[in-house]
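Fold and contact review
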Amino acid sequence: MAKVIVVYESKYGNTKQVAETIVEGMNEIERIEAVLKEPKHVEPTEVLDYDVILIGSPNHIGGPTRGIRKFIDKLGKIGLEGKPGAVFDTYMGGDFNKAVRKMEKRINEKVPGLKLITSGLSIKVGGTKGPIVEGELPKCKDFGKKIASQLET
Ligand SMILES: Cc1cc2nc3c(=O)[nH]c(=O)nc-3n(C[C@H](O)[C@H](O)[C@H](O)COP(=O)(O)O)c2cc1C
C-alpha cells in the first residue's frame, strides 16, 4: 500500500475534482491511502510520512496560486531526498501548461530532492468557474495510474 499526499488549491472546485480523479486512477493500480489537503493545513515535515506528493493548482495569471508557490518554497527547507512527486494544474485558455511548468521549475530550483516522476498534467476548464471540459477527466485517471505504476512499494 502506498501513502499519497495531494496538496492543492481550488477556488471553484475544479482542481479539487482533478485531485480526486487522479487518486481514483492511482487506486485502480494499487491500493493507496490518500490525503487531500490545502497548503495552509500542511506542515512541510508531514510530507516525509508519505511515499509520494502531488501538488496541484489552478492557473492564476499564468502560474500557480500564491499559496502553492509559498508551499513549494517551504518544502525547500526540509530535505526530501528522492521523494517522488508530480504536479498538475487546471487552466482556461491561452497559457497552456504554464502553471505546471512554473511549478516544476520552482521545485527543481528550490526543492531539488523532490524527484518529479512524470511531466505535469494540465486540465482544461470551460470558464473561470469550470466545468472541466469533456474528455479531460480520463486524462486525470491515466495520470494517476501512471504515477501509481511507477511507485516502488
Ligand atoms: C484570478 C484568476 C486568474 C486566472 N488566470 C488565468 C490564466 O492566466 N490563464 C488561464 O488559462 N486561466 C486563468 N484563470 C482561470 C482558472 O484557470 C480557472 O478559474 C481554474 O482552472 C478553475 O479551477 P478551480 O475551480 O480549482 O479554482 C484564472 C482564474 C482566476 C480566478
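Here we summarise the structure given alongside this text.

Comments concerning the site of the ligand
Surrounding the ligand, one finds 19 residues, the nearest of these being Ser10, Tyr12, Asn14, Thr15 and Thr90. If you list the elements that add at least two residues to the shell around the ligand, you get helix H1 (14-29) and strand S4 (84-91). A per-class count over the shell around the ligand returns 6 nonpolar, 11 polar and 2 charged.

Points about the packing of H1 against helix H4 (residues 137-150)
Put simply, H1 and H4 touch, their axes get as near as 7 Å, and they point 50° apart. The angle between H1 and H4 places the two elements in the oblique class. Crossing of H1 over H4 shows right-handed handedness. Each of Val18, Thr21, Ile22, Val23, Glu24, Gly25, Met26, Glu28 and Ile29 in H1 lies in contact with H4, whose residues at this interface are Leu137, Cys140, Lys141, Asp142, Phe143, Gly144, Lys145, Ile147, Ala148 and Ser149. Across the contact of H1 with H4, the residue classes break down as 10 nonpolar, 4 polar and 5 charged.

What counts, and at which threshold
- Numbering of residues begins from 1 in every chain and follows the order in which that chain's sequence is written.
- Owing to the predicted nature of the model, reporting of local features is limited to residues with pLDDT of at least 70; listing and counting of side-chain atom pairs is limited to 80 or more, with chain, interface and lining totals taken over all residues.
- Residues are classed as near a molecule or strand if the C-beta position derived from their backbone is within 6 Å of it.
- A run of DSSP states H or I qualifies as a helix once it reaches four residues; a run of E qualifies as a strand once it reaches two. Both are numbered from the N-terminal end.
- Here the term charged refers only to Asp, Glu, Lys and Arg, the term nonpolar to Ala, Val, Leu, Ile, Met, Phe, Trp, Tyr, Cys and Pro, and the term polar to all other amino acids, Gly among them.
- Every axis in this analysis is a line fitted to C-alpha atoms, fitted for helices over the stretch in contact. Angles between the N-to-C directions lie between 0 and 180 degrees.
- Every angle not falling under 35 degrees, over 145, or within 65 to 115 is termed oblique; those three ranges are roughly parallel, roughly antiparallel and roughly perpendicular.
- Here a crossing is called left-handed whenever its near helix is offset anticlockwise from the far helix by less than a right angle, and right-handed whenever the offset is clockwise.
- What counts as a contact is two residues whose backbone-derived C-beta atoms lie within 7 Å of each other.

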